[in-house]
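Chain by chain, the residues:
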Amino acid sequence: QVQLVESGGGLVQAGGSLRLSCAASRSIGSINYRGWYRQAPGKQRELVATITPGGSTNYGDSVQGRFTISRDNAKNTVSLQMNRLKPEDTAVYYCHVNYGNTWNPGNYWGQGTQVTVSS
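A few points on the structure. (Residues numbered from 1 in each chain as written. Predicted model: local features only at pLDDT ≥ 70, side-chain atom pairs only at ≥ 80, totals over all residues. Heavy atoms only, no water.)

1. A look at the packing of aromatic side chains
Under the counting rule described, the total for this entry stands at two aromatic pairs. On the numbers, 5.3 Å between centres and 65° between planes, the contact of Y37 with W109 is edge-to-face. On the criterion of sequence distance, the pair formed by Y37 in strand β4 (residues 31-39) and W109 in strand β10 (residues 105-109) is long-range, its members being 72 residues apart. For the pair Y99 and Y108, a centre-to-centre distance of 4.8 Å together with 15° between the ring planes defines the contact as stacked. Stacked on the ring of Y94, the Lys or Arg R45 has its end atom at 3.8 Å from the ring centre. In this structure, R45 is placed above the aromatic ring of W109, and the distance from its NZ or CZ to the ring centre is 4.7 Å. (Phe/Tyr/Trp six-rings, centres within 6.5 Å; stacked < 30°, edge-to-face > 60°. Helix = DSSP H or I, 4+ residues; strand = E, 2+ residues; numbered from the N terminus. Lys NZ or Arg CZ within 6 Å of the ring centre and 35° of its normal.)

Take a look at the structure:
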């Protein structure tokens, strides 16, 4: 079983920056994409950003232009640089890996790391 371990969450003032990192406990084959999702209290989990092994990225509308996702395939890591943070970015952030194919897909999730942005 693969474990995804997030780090880098915390408390920051509005306008500040944080960097989240996620490391997999071992190599994962057939990765389709790695990404970050978040869930605020009382809200559904939502997409933050995803990145393919080739480097193609996708961002949620609310973070476009402020957040940057990156990956290191060799080190099995994915990171999220978050700039110009807003109070509405407060949430638990989850690392995610989607792997496999159409007939046998799989997902790994991290346990989450809290990000709190104060106004």
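2. Observations regarding the sheet that holds strand β1 (residues 4-7)
The strand order across the open sheet built from four strands is β1-β3-β8-β7, with neighbouring strands paired in antiparallel fashion. Unpaired on one side and paired on the other, β1 and β7 (67-72) mark the two borders of the sheet. Here the average twist between neighbouring strands, direction ignored, is 15°. As defined by bridge partners, β1 adjoins strand β3 (residues 18-24) across four bridges and the pair is classed as antiparallel. From the neighbouring strand, E6 faces β3, where its bridge partner is C22. (Pairing = 2+ DSSP bridges. Axes fitted to C-alpha atoms, helices over the stretch in contact; angles between N-to-C directions.)

3. Examining the pairing of β4
Pairing of β4 with strand β9 (residues 91-100) involves eight bridges; the strand directions are antiparallel. Counterpart to G35 in the pairing with β9 is H96. Taken together, the five bridges between β4 and strand β5 (residues 46-51) define a ladder with antiparallel strand orientation. Paired with R38 across the strands is E46, a residue of β5. Taken together, β4 and the strand that follows it, β5, pair antiparallel across an intervening segment of six residues, in which G42 is found at a positive phi of about 75°.

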